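# Coordinate analysis (summary)
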Amino acid sequence: MRRVVIIIIILLVLAAGGLFAANRMGYLSLNRGGEAAIGAPADQATATPIPPVIATDRIVAEARVVPVQRAGISAQVSGIVAEVLVQEGDQVEEEQVLLRLDQAQARAAVGKAEADLMRAQANLKAKTDGPRQQDLDAAQALVDAAQARLERLRQSTDAGDVAAAQASVANASANLQRVLDGATEQELIAAKADIANSRATLQQAQRAYDQVKWRDDIGALPQSAQLQQATNNFEAAQARYDNLVNGPRPAEINAANAQVSQANAQLEALKASRPSDLAALQADVRNAEAQLAKLKAGSTDADIAAAQADVMAATASLQQQLIALGQTEIRAPFAGTVAALNINPGEQASPGTALIQLAGTNAWQVETEDLTELQVVGLQTGAVAQITFDAIPDLELEGRVKSIRTFGENSSGDIVYRVVVVPTTQDPRLLWNMTAVVTFTTGQ
């Protein structure tokens, strides 16, 4: 609305200036009745001339009061707000903690970074200090053990493992031949003797049993058990004799053949594995000796440089995590007043979103974005301006133009520029975003 009024005033001033110029040039005069005589010379006018209209050099603009020092404070990292330590209107000091985000993850990251740094430092110390005696002794023990295993294999000749395997083959073959040959004469005689002896024992047990078999408790008497045992022995002796007479069964021959095959396979496997086992044990010895030699030689310059680089990287990582932990605390960048608080505990804070508006209330300035390109062209920094305030009618302050933004922005079809005016004196009644009217005098 003010912009429209200003434009109307400018148009009126231009119209009045045109009439005045026409009167001076003789194109317009007034008759006795006060009416203009068009085309009459100016010196023929009989009425008193109209006084000239003087064009104004004043520009009036709406503005607002803002602190000279102000900040919309946001979080640098995302997180849940754990504590809000201030309230609106609080006076705070520079670097004072305003709110704190949840620090659990950040503290865990710091702990891991500290452990990584300690590990890297320990590795560097081990490489620069050289091998410990305990490490040398352990490496030497590994060499000795590998050499002992190799020596045992070398000493395992035909008189050892191979000879034992060959004996197993011979024993299995002899057993197969015995099965194929069947019973000898001596075995048959011994089997007949076993039958005769077991028959005599059976007959004796039968006579003892017959003497008491009439009793009701015959089953519980020892004569009954003795008779049964003698019967079993006789039948077993008879069966052994029959087997000897009948010769070996197919199952016995197959079992003996299987034993021979198994013994031969074990012997061949032992012979075949000996060279590969020997090569493997020799490789173990060489590897253990190489490890011992490397340990005795100590770390190379490249190893130490790599360990130092690991320490530097771990240190940088720890510093980064400490910075991230520090970013969970939002601090005041300067001393001032908490003008607005836009977050509560438990809410999510995101980078770029202003959580707290902080103002330095000891110094105010007035900003306007109400000046068009036609108006701002006549202003210069340092120009004097008069400032009045809608909320404080009795207050009028003088100010000077502090800055004029050189970049204009489109506002409802007009190109407008931001102008900052600093009052020469401050008033304690001023508050953030109070409306004000600034009167500029151009051409200064």
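Rules used in this analysis
Residues numbered from 1 in each chain as written. Predicted model: local features only at pLDDT ≥ 70, side-chain atom pairs only at ≥ 80, totals over all residues. Heavy atoms only, no water. Helix = DSSP H or I, 4+ residues; strand = E, 2+ residues; numbered from the N terminus. Buried < 20%, exposed > 50% of the residue type's maximum accessible area, 1.4 Å probe, protein only. Areas by Shrake-Rupley, 256 points an atom, 1.4 Å probe, with all protein chains shown as cover. Salt bridge = Lys/Arg side-chain N within 4 Å of Asp/Glu carboxyl O. Polar contact = N/O pair within 3.5 Å; in protein donor to acceptor, adjacent residues only side chain to side chain. Contact = heavy atoms within 4.5 Å. Expected span 1.5 Å × (residues − 1). Pairing = 2+ DSSP bridges. Axes fitted to C-alpha atoms, helices over the stretch in contact; angles between N-to-C directions. Parallel < 35°, antiparallel > 145°, perpendicular 65-115°, else oblique. Left-handed = near helix turned anticlockwise from the far one by under 90°. Nonpolar A, V, L, I, M, F, W, Y, C, P; charged D, E, K, R; others polar. pLDDT = per-residue confidence, 0-100.

Okay, the overall build of the protein chain next. Within the protein chain, the regular secondary structure consists of nine helices and 15 strands. A total of 444 residues make up the protein chain; the buried ones form 28% of that total. Per element, the accessible surface of the protein chain, about 27500 Å² overall, is 53% carbon and sulfur.

This next bit is on the pattern of salt bridges. Under the counting rule described, the total for this entry stands at 14 salt bridges. Where Glu367 meets Arg70, a salt bridge forms, and the shortest distance between an N and an O atom there is 2.8 Å. In this pair, Glu367 sits in strand β10 (residues 354-372) while Arg70 sits in strand β3 (residues 58-74), placing the two residues 297 residues apart along the sequence. Among the ionic pairs, Lys213 bridges to Asp210, the shortest N-O distance being 4.0 Å. Judged by relative accessible area, which is 48%, Lys213 ranks as partly exposed. Connected through shared salt-bridge partners, Arg64, Arg70, Glu367 and Arg418 make up one network.

Glancing now at the side chain of Glu367. Judged by its relative accessible area of 6%, Glu367 is buried. In this structure the side chain of Glu367 is engaged in a polar contact, spanning 2.8 Å, whose partner is the side chain of Arg70. Residues contacting Glu367, with those up to four places away along its chain left out, are Ala63, Arg64, Val66, Arg70, Arg418, Val419 and Val420.

Okay, helix α6 (residues 222-246) next. Across its 25 residues, α6 extends 36 Å between first and last C-alpha, which sits within 8% of the 36 Å expected from 1.5 Å per residue. Here α6 has its buried residues at Leu227, Ala230, Phe234, Ala237 and Tyr241. Buried residues in α6 make contact with α5 (185-212). A positive phi of about 90° marks Gly247, the residue just after α6.

Overall, antiparallel pairing links the four strands, which are arranged β7-β6-β4-β9 in an open sheet. The sheet terminates laterally at β7 (329-331) and β9 (348-349), the two strands that pair on one side only. Sheet topology places strand β6 (residues 97-101) next to β7; three bridges connect them, and they run antiparallel. Paired with Val97 across the bridge in β7 is Arg331.

We note that Glu95 has phi near 75°; this positive angle belongs to a residue other than glycine. Structurally, the position occupied by Glu95 is in the loop between β5 (91-92) and β6. On the basis of relative accessible area, Glu95 is assigned to the partly exposed category, the value being 47%. Of note, Ser412 is a non-glycine position whose phi angle comes to about 55°, a positive value. By secondary structure assignment, the location of Ser412 is in the loop between β13 (409-411) and β14 (414-423).

The contact between α5 and α6 brings their axes to 8 Å, and the two run at 160°. Classed by the angle they form, the pair α5 and α6 counts as roughly antiparallel. Both α5 and α6 take part in a crossing whose hand is left-handed.

Turning our attention to the side chain of Thr328. Structurally, Thr328 is set in the loop between α8 (301-326) and β7. Judged by relative accessible area, Thr328 falls into the buried class, the value being 4%. Reaching out from Thr328, the side chain makes a polar contact with the backbone oxygen of Leu325 at a distance of 2.4 Å.

With that settled, the discussion passes to α8. Under the 1.5 Å per step criterion, the end-to-end length of α8 is 37 Å for 26 residues, consistent within 8% with the ideal 38 Å. Here α8 has its buried residues at Ile304, Ala307, Val311, Ala314, Leu318 and Leu325. Buried residues along α8 sit in contact with α2 (104-129) and β7.

Once that is clear, we can look at the packing of α2 against α8. Put simply, α2 and α8 touch, their axes get as near as 8 Å, and they point 165° apart. By the angle between their axes, α2 is roughly antiparallel relative to α8. Considering how the two elements wind past one another, α2 and α8 form a crossing that is left-handed. For the contact of α2 with α8, the class distribution of residues is 14 nonpolar, seven polar and six charged.

Turning to the confidence of the model for the protein chain, a few remarks are in order. Counting all residues, the mean pLDDT for the protein chain is 82, and 81% of those residues have values of 70 or more. Note that residues 1-5 has pLDDT below 50 and, in this model, six contacts with residues that lie over four places away or in other chains. Here residues 19-46 is a poorly scored stretch, pLDDT under 50, and it has 34 contacts once near neighbours within four places are set aside; other chains count.

Our next topic: the environment of Ser168. Mapped onto the fold, Ser168 is located in helix α4 (residues 158-181). Classification of Ser168 as partly exposed rests on a relative accessible area of 35%. Separated by 92 residues in sequence, Ser168 and Val260 have C-alpha atoms that sit 8.3 Å apart.

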